[in-house]
Amino acid sequence: MNSKGLSGGIYKPLSPEGIDTIHNASLTILEKTGIAYEAGLDATVDMLADAGATVDRKMKRIRFPRELIAGQIAKAPAQVILYARDGKKDLDLTEDKVHLGTGGAAVKILDMETGLPRSSTLKDLYDLGRLVDRLDHIHFFLRPCIPTDIPEADYDVNMFYACLKATGKHVMSGVNDEAGLSRIIDMAALLTGGKEQLQAKPFISIITSFSISPLKLCTQSTRIMQACNRQGIPVALSAAPMSGSTGPMTMAGTLAQLHAEQLAGITICQLTRSGAPLLYGGIPGMANMATMGYRGGGVECGMMNAAIHQMAAHINVPNYNSAGLTDAKLPDAQAGWEKAMTILLGAMGGSNYMHHSAGMLESMLTVAPEQFVIDDEIIGMACKVLKGIEVDADHLAMDAIDTVGPAGNFMMSPHTMKYMRSEYFQGNGVTDSKSRHQWEQNGSLDTRERAKAIARKILDAPETPYIPAEIDIAIRESYHILL
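The sections below set out a description of the structure shown in this document. This one's a predicted model, so the numbers in the text were calculated from it and none came from an experiment.

**Structural notes on the overall build of the chain**
Stage number 1. Counting its secondary structure elements, the chain contains 18 helices and 23 strands.
Stage number 2. Relative to the globule expectation of 23 Å for 483 residues, the C-alpha radius of gyration of the chain, 23 Å, shows essentially globular dimensions.
Stage number 3. Dimensions of the chain, computed from the C-alpha atoms along their principal axes, are close to 80 × 55 × 50 Å.
Stage number 4. Counting every position in the chain, which comprises 483 residues, the buried fraction comes to 53%.
Stage number 5. In the chain, once contacts between residues fewer than 6 apart in sequence are set aside, the share between residues at least 24 apart is 75%.

Below, the structure is given as C-alpha cells:
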C-alpha cells in the first residue's frame, strides 16, 4: 500500500468560528503584547522596524501591526515539496496531504541485545537511518537521536552525513550554528551537482527553533532560519509551548500563543526573502503538572496538533507538527495506545509533516530500533483509514455474489484472489494473526521480540550506497567525517 501523501482533513477539532477567534486573538497578541528578542538580532529588528513594526529597543520588544502580518503571510508558498534523492519518495506538502516520519533529539537508545538504555552514538543514528529507509510507511528521516560520542565542533556535518549515507528519503534536522549550516549546504551540493540544483530540488531541510515560548525570539535559531531563507533551503519554524508551563493551561490559549509565534516567524522569513519555502511549525504540548516535565502521550496532544493543521491551512501554509510520542519507557501496551491515538488524530486531521511519529519513547528522551518497526505498522494502519472504502462496480462484487450464490463460499472465488492482497492492510510482519498453535511453534514471541527480529534482518542486509564512492572521498577530504 502506498501510504504517502494521502488526504486527511476528516477530523476537525476546531470549528470555523474557533479558527477565526484564535487567529484574531493571535493578531491581538502580536499588536498588544508583542514578541521579545535576545541580543544579537539588530539586523532582524531593523528589518522589522523598516517594514512597519513598532520596536521598543529599551524593553527589547517588537509589536506587529495586523496589516504587516497579513501582507507577509500572503507571500509564503502554499505548497512546499521536500525532495528525496531517488525522485520516488518526494513529499508534496499542500492542502490536507499527510506524511509521517521520525524526529526528536533523544540522547538514549534501548540496546537491542541488552534491552537497557545507553547513550546514543553516531553509528546508532546511521543504523536508524538504514532501518527507516526500508520501512515503507515512515515517509521521511528527521534525525531522531543525538550522537553523544562526537565533539560538538564536528556535530552538524557528521550528523547530516550519517543521515544522507543511510537513506534516500528526505532528511531534516536542526543545526548548531551558521557555520555548520554552510558546511551542510556545501556537502549536499556535492551530492546533487551544485547549489543551484540543490535549491531547485532540496533533499535536505532545517528545523529552526526560532521561538523560545512564550513569545521570545532566539538569536541563534532566528539567524539560522534567515540564512536558510536566503539560500532557498526549506525551514520548519519549530515552536513548542507546553500547556501549563510555557503556554497557558488551556488548549485554546496555547494555540493562540503558538499561532502568534508562527505568524511572527513567517513574517520574518518573508521579509528576509519573499516566497521563502517554510513549514508552519507549531508543536503544542503539555506539561506534566506533577513533575513539571514534558508529557508526550496525552490524547490532548493529538487534538492540539490536529488543530495546528487547521490554523496553518487558515493562512494557506503547509504545516509541520508532532504525533506518536509516548511517556512509556519501553515498547509496551502504553506506548501502543498513546502513539496510535495521536498518530491517527494527526493523520485524520490532515497534517502535512508529522515528525516524532516513529521510534520515540520516554517523552523524546529515548529511541528503540524495534519501536520504529512497530510504529511503521501503526502509521500504515492510520494511513489505511485515509484511503477510505472504495465503492465501484467491481468492489461491490455483484457478479461474485451471484456466482457464489446462497449458502456458498467466497474462499476460492476469482474475486477473492484478485483483492485478497490489496483490499486489506498487509503490514510489515510485526502484527501476529496466526493461531495460538502456530504462534507457540514460532517461539511465542511478543510484539517487541518480533519487531527486533525484523530490525535485525534489515540491518544485517547489504548497505545501500547512497553516497557514491568518489563523492564520499571528496566529502572526507573536506570535512572531519567520523562515521
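**Quick look at the packing of helix H11 (residues 333-349) against helix H12 (residues 369-387)**
Stage number 1. Contact geometry for H11 and H12: axes closest at 9 Å, N-to-C directions at 40°. Between H11 and H12 lies a crossing whose hand is right-handed. Contact with H11, carried on its side by Ala335, Gly336, Lys339, Ala340, Ile343, Leu344, Ala347 and Met348, involves Gln371, Asp375, Ile378, Ile379, Ala382, Val385 and Leu386 of H12 and no other residues of that element.
Stage number 2. Among the residues forming the contact of H11 with H12, the class breakdown is eleven nonpolar, two polar and two charged.

**Looking at unusual backbone geometry**
Stage number 1. Backbone torsion omega between Ser213 and Pro214 reads 0°, so that peptide bond is classified as cis.
Stage number 2. Looking at where Pro214 falls in the secondary structure, it is placed in the loop between strand S13 (211-212) and strand S14 (216-217).
Stage number 3. The backbone phi angle of Met364 is positive, close to 80°, even though this residue is not glycine.
Stage number 4. On the secondary structure map, Met364 appears in the loop between strand S22 (360-361) and strand S23 (366-367).

**Remarks on the environment of Asn288**
Stage number 1. Locating Asn288 in the fold gives a position in the loop between strand S18 (285-287) and strand S19 (294-295).
Stage number 2. For the pair Asn288 and Ser245, spaced 43 residues apart in the sequence, the C-alpha separation amounts to 8.9 Å.
Stage number 3. The residues touching Asn288, leaving out its near neighbours within four places in the chain, are Gly293 and Arg295.
Stage number 4. Among the polar contacts listed, one links the side chain of Asn288 to the backbone nitrogen of Ala290, at a separation of 3.0 Å.

Definitions and cut-offs
Residues numbered from 1 in each chain as written. Predicted model: local features only at pLDDT ≥ 70, side-chain atom pairs only at ≥ 80, totals over all residues. Heavy atoms only, no water. Helix = DSSP H or I, 4+ residues; strand = E, 2+ residues; numbered from the N terminus. Rg over C-alpha atoms; globule rule 2.2 N^0.38 Å. Buried < 20%, exposed > 50% of the residue type's maximum accessible area, 1.4 Å probe, protein only. Contact = heavy atoms within 4.5 Å. Axes fitted to C-alpha atoms, helices over the stretch in contact; angles between N-to-C directions. Left-handed = near helix turned anticlockwise from the far one by under 90°. Nonpolar A, V, L, I, M, F, W, Y, C, P; charged D, E, K, R; others polar. Polar contact = N/O pair within 3.5 Å; in protein donor to acceptor, adjacent residues only side chain to side chain.

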